[in-house]
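Structural features, examined
One-letter residues, chain by chain:
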Amino acid sequence: MYKSSSPWSQTPILKNKILDIQTKRYIHKDDLDEEYTIPAKYEYRPDLLSYEKYGTAKWWWIFALRNPNEIIDPINDFVAGTVIRIPSKKNIDEMK
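Right, let's walk through the structure included here. Just so it is clear, the model here is predicted, and its values are computed rather than measured. Throughout this description, residue numbers start from 1 for each chain and increase along the sequence as written. Selection of residues for local features in this predicted model requires a pLDDT of at least 70, selection of side-chain atom pairs for listing and counting requires 80 or more, and totals for whole chains, interfaces and linings are taken over all residues. Heavy atoms from the whole structure form the basis of all side-chain values; hydrogens and water molecules are not counted.

**With respect to the pattern of salt bridges**
For this document, the term salt bridge refers to a Lys or Arg side-chain nitrogen within 4 Å of an Asp or Glu carboxyl oxygen. Taken as a whole, this structure holds four salt bridges when the rule is applied. The partner of Arg 66 in a salt bridge is Asp 33, and the shortest N-O contact between them spans 2.8 Å. Taken together, the residues Arg 66 in helix H2 (residues 62-66) and Asp 33 in the segment before strand S1 (34-37) connect sequence positions 33 residues apart. Comment: elements are numbered from the N terminus, with helices defined as DSSP H or I runs of at least four residues and strands as E runs of at least two.

**Examining helix H1 (residues 46-54)**
Working definition: with a 1.4 Å probe on protein chains only, accessible area under 20% of the residue-type maximum means buried, over 50% means exposed, and in between means partly exposed. Listed in full, the buried residues belonging to H1 are Pro 46, Leu 49, Ser 50 and Tyr 54. All buried residues of H1 fall inside an arc of 105 degrees around its axis, so they share one side. Structurally, H1 contributes buried residues whose contacts are with S1, H2, strand S2 (83-86) and helix H3 (89-95). One or two residues past the end of H1 sits Gly 55, with phi positive at roughly 80 degrees. Read the arc as the range of directions from the helix axis to the C-beta atoms. Note on contacts: a residue pair is in contact if any heavy atoms of the two residues lie within 4.5 Å.

Shown next, in the form of structure tokens:
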């Protein structure tokens, strides 16, 4: 079983500990979501932004999940100038 901070935490595990097709987690839109323009210091580094916003680098994948039209590749599409929505900590805690 994967920890709740993993993007695969809700994906079934088959025999021999092989993951099934990923069950994507859902983050609902919330009035507390922050509109944020990615600065140059976080380009290609969603882990650093995750650490700043949530106190852990584990939630780096949350940005791509919450912004599927802006971020297809969670690393290479994380470029300066891109406007994204950042879920509140409360919203992420409810996702667990």
